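Spelled out, the chains give:
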Amino acid sequence: MRWASLLAGSLLPGAFALAQPAAPADAPPPGEGEWTMPARDHASTRFGPLAEITSANVARLQPAFTFSTGVVRGHEAAPLVVGGTMYIVGPYPNVLFALDLAKPGAPLKWKFEPRPDAGSQGVACCDQVNRGAAYADGRVFFNTLDNQTIAVDAASGAELWRVKLGDIRLGETMTMAPLVVKGKVLVGNSGGEFGVRGWLVALDAATGKTVWRAWSTGPDRDVLIGAQFKPFYAQDRGKDLGVSSWPPEAWKIGGGNAWGWISYDPELDLIYYGTGNPGPWNPEQRPGDNRWTAGLFARRPDTGEAVWFYQFSPHDLHDYDGVNENILMDAEIGGKPRKVLVHPDRNGHVYLMDRTSGEVLSAQPFVEVTTSFGVDLKTGRLRYDPAKEPKVGRIVRGICPASPGAKDWQPSAWSPRTRLVYIPHQNLCQDSQPYQVSYIAGTPYVGAETRMYSGPGGHRGRFTAWDPVAGKAAWSKDENFPVWSGALATAGDVVFYGTMDGWFKALDARTGALLWQYKTESGIIGQPVSYRGPDGKQYVAVLSGVGGWAGAVVAGDLDARDGTAALGFANAMKDLSAATRKGGKLYVFKLPD
């Protein structure tokens, strides 16, 4: 079945006070003017240290050059910049482009065509997107929709190795961006809506050989749970919970895919990544907490062994996943320094957690939340509202946030100057009716019919500056459509993001005032970056090209009269096709000479 038819408080504890967060020690960082991984650093800050473009002069920003990818599907990737070369990976067919930034107009140096299996398009859940590449030691690493990870020589574009890690016949795909840690390329799979069992794999960066694979469900030996595993909360302790928290055999088709972001703390020597939703969406078919889905793992990068786990949404009722970014920072709590992470979750809460132990320090709502009463900080459990629990045979209305969550994959940015996290997100609610569904390999395994619509206020998106000290918004800006792009914060105290109707915007990082905007040819769902060009100037770059789950009505030519299309997202996006069109183009901006 083609994807188009598939898609047819807690309170901040008063016992502590947070001091100014600071970025943790990290692996050797990229050069000040480079951008070598989608989040720029292992702490996932998406903070650009260049300050030539400021809140005082950003209004003078103007186009420097553009580049067409030749593909008109959703462009969710971040461009990379290494030395004088920019690297871009597009949606299927996942062509990797290298642009020469040292020459006028940044002409093409080379391109690499991986030629993925065309059949992968038919099982891509939410458009044929790719969220970017990663660079390390002269190599560019990226994934293809048909489950290949490929290493390419950054200078010549020659293929160095490729490995196939999954099977599209099961509905399995790969859309996430790799992260390189200690000579290992970390990658995960997608396919939760097809009953694909999730995993994270570490590949040897030199050869592509698998070093370890950690499954998200199943017995402890598969999940790489051993003697080091010390979860903070009692419910996560016990033998083979990845089996016993499911109905018999259901963990084998239970999802928990690692399709989001990975962070790394070199001092603690831990990687952090979230796991996706359990399958199917119909929760009555999988009683139990469904470990280790919809949660967060801390693992050793050398062995993959789990150190702790926290489940954001036990027995996930609404497809809330747990794959969103984890931003690493340091904070002072009760007068003592503490290593924390900030995680804006799809269930509507921004989590502040101790990243050494997995303890939840606070969890505050950042949107309208009707599905839960907050998080019990003693047990760590989300306190669901039973009135909003989906039940076969009835329609549950007013589910907020909707299934894409308060925020989906689109990554936040953090500025150590303003001490704010900038969160691009949506404001959506939905009605839902689950139904019994049977598992057939390679076909949709969802079991729910949903219709989404705008949340309180009538707008469908918002860009929020979140203060992790106060546990509340510093300011926010409403947007007509979901803000499906990533965010960028810079040392010039400017934050950037794009809108689904094609505006690329610059806001004052401290006040939220709109300082500049530029209309591109298509909606923006890409991740903006900033870099220093060979001429010494600061540039800002972003890919334009509407699509993804939110933009399926345009990218996939869906009939928006069917409100259940795109798993109900089409119902909330009926007017998107009138506001933008398909596209696939890089835009790069700079100040005038």
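If you're wondering where the values come from, they're calculated on a predicted model, not measured in any experiment.

1. Remarks on the overall build of the protein
Right, on to step 1. Looking only at helices and strands, the protein has five helices and 38 strands in total.
Right, on to step 2. When its C-alpha atoms are laid out on the principal axes, the protein stretches across 65 × 55 × 50 Å.
Right, on to step 3. In the protein, buried positions account for 68% of the 593 residues.
Right, on to step 4. For the protein, the accessible area works out to roughly 18,300 Å², and carbon and sulfur atoms hold 51% of it.
Right, on to step 5. Of the charged side chains in the protein, 59 are positive and 59 negative, and the gap between their average positions amounts to 1 Å.

2. A few points about unusual backbone geometry
Right, on to step 1. The peptide bond linking Tyr-92 to Pro-93 adopts the cis configuration, its omega dihedral lying at 15 degrees.
Right, on to step 2. Residue Trp-292 is reached from Arg-291 by a cis peptide bond, and omega for that bond is 10 degrees.
Right, on to step 3. Here Trp-292 shows up in the loop between strand E16 (270-274) and strand E17 (295-299).
Right, on to step 4. Here the phi dihedral of Asn-94 falls at roughly 60 degrees; this positive angle occurs in a residue that is not glycine.

3. Digging into the nonpolar core
Right, on to step 1. Core analysis: the biggest nonpolar cluster contains 49 residues, and Met-86, Tyr-87, Leu-96, Phe-496, Tyr-531 and Leu-586 have the highest contact counts within it.
Right, on to step 2. With five residues, the top contributor of residues to this core is strand E37 (residues 538-544).
Right, on to step 3. Other than its neighbours up to four places away in sequence, Tyr-87 contacts Pro-79, Leu-80, Val-82, Leu-96, Phe-97, Ala-98, Trp-110, Val-140 and Ala-154.
Right, on to step 4. Core analysis: the next-biggest nonpolar cluster, separate from the first, contains 37 residues, Leu-165, Val-181, Tyr-264 and Ile-271 among them.

4. Looking at the sheet that holds strand E31 (residues 472-479)
Right, on to step 1. Here four strands make up an open sheet; going across it, the order is E26-E27-E30-E31 and the pairing antiparallel. Unpaired on one side and paired on the other, strand E26 (413-415) and E31 mark the two borders of the sheet. Along the sheet, successive strands turn relative to each other by an average axial angle of 20 degrees, direction set aside.
Right, on to step 2. Pairing of strand E27 (residues 420-426) with strand E30 (residues 461-467), which is carried by six bridges, proceeds in the antiparallel orientation. Following the sheet pairing, His-425 is matched in E30 by Arg-462.

5. Looking at the state of the cysteines
Right, on to step 1. Evaluated as defined, the whole model comprises two disulfides.
Right, on to step 2. A disulfide bridge connects Cys-125 with Cys-126, and the sulfur atoms are separated by 2.1 Å.
Right, on to step 3. A residue is classified by how much of its surface remains accessible, and Cys-125, at 14% relative accessible area, is buried.

6. Structural notes on the pattern of salt bridges
Right, on to step 1. Enumeration over the complete set of coordinates arrives at 37 salt bridges.
Right, on to step 2. A salt bridge links Lys-184 to Asp-302; the shortest N-O distance between them is 3.2 Å. Note that Lys-184 is positioned in strand E12 (residues 184-188) and Asp-302 in the loop between E17 and strand E18 (306-311), a separation of 118 residues in sequence.
Right, on to step 3. Under the relative-accessibility criterion, Asp-302 is labelled partly exposed at 35%.
Right, on to step 4. For the salt bridge of Arg-291 with Asp-236, the shortest nitrogen-to-oxygen distance reads 3.0 Å. Remark: Asp-236 occurs in the loop between helix H2 (220-223) and helix H3 (241-244) and Arg-291 occurs in the loop between E16 and E17; sequence separation between them is 55 residues.

7. Looking at the pairing of strand E21 (residues 349-354)
Right, on to step 1. Counting buried residues along E21, six of its six residues qualify, which places the element largely inside the surrounding structure.
Right, on to step 2. Because side chains alternate across E21, one face comprises the buried residues His-349, Tyr-351 and Met-353, and the other comprises Val-350, Leu-352 and Asp-354, equally buried.
Right, on to step 3. Between the end of strand E20 (residues 336-344) and the start of E21, which pair antiparallel, lie four residues, with Gly-348 showing a positive phi angle near 100 degrees.
Right, on to step 4. Two elements, E21 and strand E22 (residues 360-365), share five bridges in a ladder whose sense is antiparallel. Pairing of Met-353 across the sheet is with Val-360, part of E22.
Right, on to step 5. Between E21 and the antiparallel strand that follows it, E22, lie five residues; Gly-358 among them carries a positive phi value of about 90 degrees.

8. What to know about the side chain of Asp-316
Right, on to step 1. Within the secondary structure layout, Asp-316 lies in the loop between E18 and strand E19 (327-333).
Right, on to step 2. From its side chain, Asp-316 meets the backbone nitrogen of His-318 in a polar contact 3.1 Å long.
Right, on to step 3. Of the polar contacts made by the side chain of Asp-316, one reaches the backbone nitrogen of Asp-319; its length is 3.2 Å.
Right, on to step 4. With sequence-adjacent residues up to four places away left out, Asp-316 is seen in contact with Asn-277, Pro-278, Pro-283, Arg-286, Ala-294, Asp-321 and Tyr-384.

9. Examining the sheet that holds strand E10 (residues 159-164)
Note on sheets: strands pair through backbone hydrogen bonds, and any given pair is parallel or antiparallel.
Right, on to step 1. Ordered in space as E7-E8-E9-E10, the four strands form an open sheet in which the pairing is antiparallel. The open sheet has two free edges, formed respectively by strand E7 (134-136) and E10, since each of these has just one partner strand. The mean angle between the axes of side-by-side strands here comes to 20 degrees, regardless of whether they run parallel or antiparallel.
Right, on to step 2. Bridging between strand E9 (residues 148-153) and E10 involves five bridges; their strand directions are antiparallel. Opposite Val-152, over in E10, you have Glu-159 as the bridge partner.

10. Considering the pairing of strand E35 (residues 514-519)
Within a regular strand, the side chains alternate between the two sheet faces.
Right, on to step 1. Of the strand pairs in this sheet, strand E34 (residues 503-508) and E35 are connected by five bridges, and their pairing is antiparallel. What sits directly across from Phe-504, in E35, is Tyr-518.

11. Some details on the side chain of His-349
Right, on to step 1. For His-349, the location among the structural elements is in strand E21.
Right, on to step 2. For His-349, the contacting residues outside a window of four places in its chain are His-343, Pro-344, Ala-363, Gln-364, Pro-365, Phe-366, Val-369, Ser-372, Gly-374 and Leu-382.

12. Thoughts on the packing of aromatic side chains
Right, on to step 1. A full pass over the atoms with the stated rule returns 33 aromatic pairs.
Right, on to step 2. Where Tyr-233 meets Tyr-310, the ring centres are 5.8 Å apart and the plane angle is 55 degrees; that geometry is what we call tilted. Of this pair, Tyr-233 sits in the loop between H2 and H3 while Tyr-310 sits in strand E18, and the two are 77 residues apart along the sequence.
Right, on to step 3. Accessibility expressed as a relative area gives 2% for Tyr-233, which makes it buried.
Right, on to step 4. Among the aromatic residues, ring-to-ring pairing joins Phe-496, Phe-504, Trp-516, Tyr-518, Tyr-587 and Phe-589 into one connected group.
Right, on to step 5. The side chain of Arg-197 reaches across the aromatic face of Trp-215, ending 4.2 Å from its centre.

13. Observations regarding the environment of Gly-70
Right, on to step 1. Relative to the helices and strands, Gly-70 is located in the loop between strand E2 (62-68) and strand E3 (80-82).
Right, on to step 2. On the basis of relative accessible area, Gly-70 is assigned to the exposed category, the value being 67%.
Right, on to step 3. Gly-70 sits 20 residues away from Gly-90 along the chain, and the two C-alpha atoms are 9.1 Å apart.

So, how was this worked out
- Residues numbered from 1 in each chain as written.
- Predicted model: local features only at pLDDT ≥ 70, side-chain atom pairs only at ≥ 80, totals over all residues.
- Heavy atoms only, no water.
- Helix = DSSP H or I, 4+ residues; strand = E, 2+ residues; numbered from the N terminus.
- Buried < 20%, exposed > 50% of the residue type's maximum accessible area, 1.4 Å probe, protein only.
- Areas by Shrake-Rupley, 256 points an atom, 1.4 Å probe, with all protein chains shown as cover.
- Lys, Arg positive; Asp, Glu negative; His and termini not counted.
- Charge placed at Lys NZ, Arg CZ, Asp CG, Glu CD.
- Core = buried A, V, L, I, M, F, W, Y, C linked by side-chain atoms within 4.5 Å.
- Contact = heavy atoms within 4.5 Å.
- Pairing = 2+ DSSP bridges.
- Axes fitted to C-alpha atoms, helices over the stretch in contact; angles between N-to-C directions.
- Disulfide = S-S within 2.5 Å.
- Salt bridge = Lys/Arg side-chain N within 4 Å of Asp/Glu carboxyl O.
- Polar contact = N/O pair within 3.5 Å; in protein donor to acceptor, adjacent residues only side chain to side chain.
- Phe/Tyr/Trp six-rings, centres within 6.5 Å; stacked < 30°, edge-to-face > 60°.
- Lys NZ or Arg CZ within 6 Å of the ring centre and 35° of its normal.

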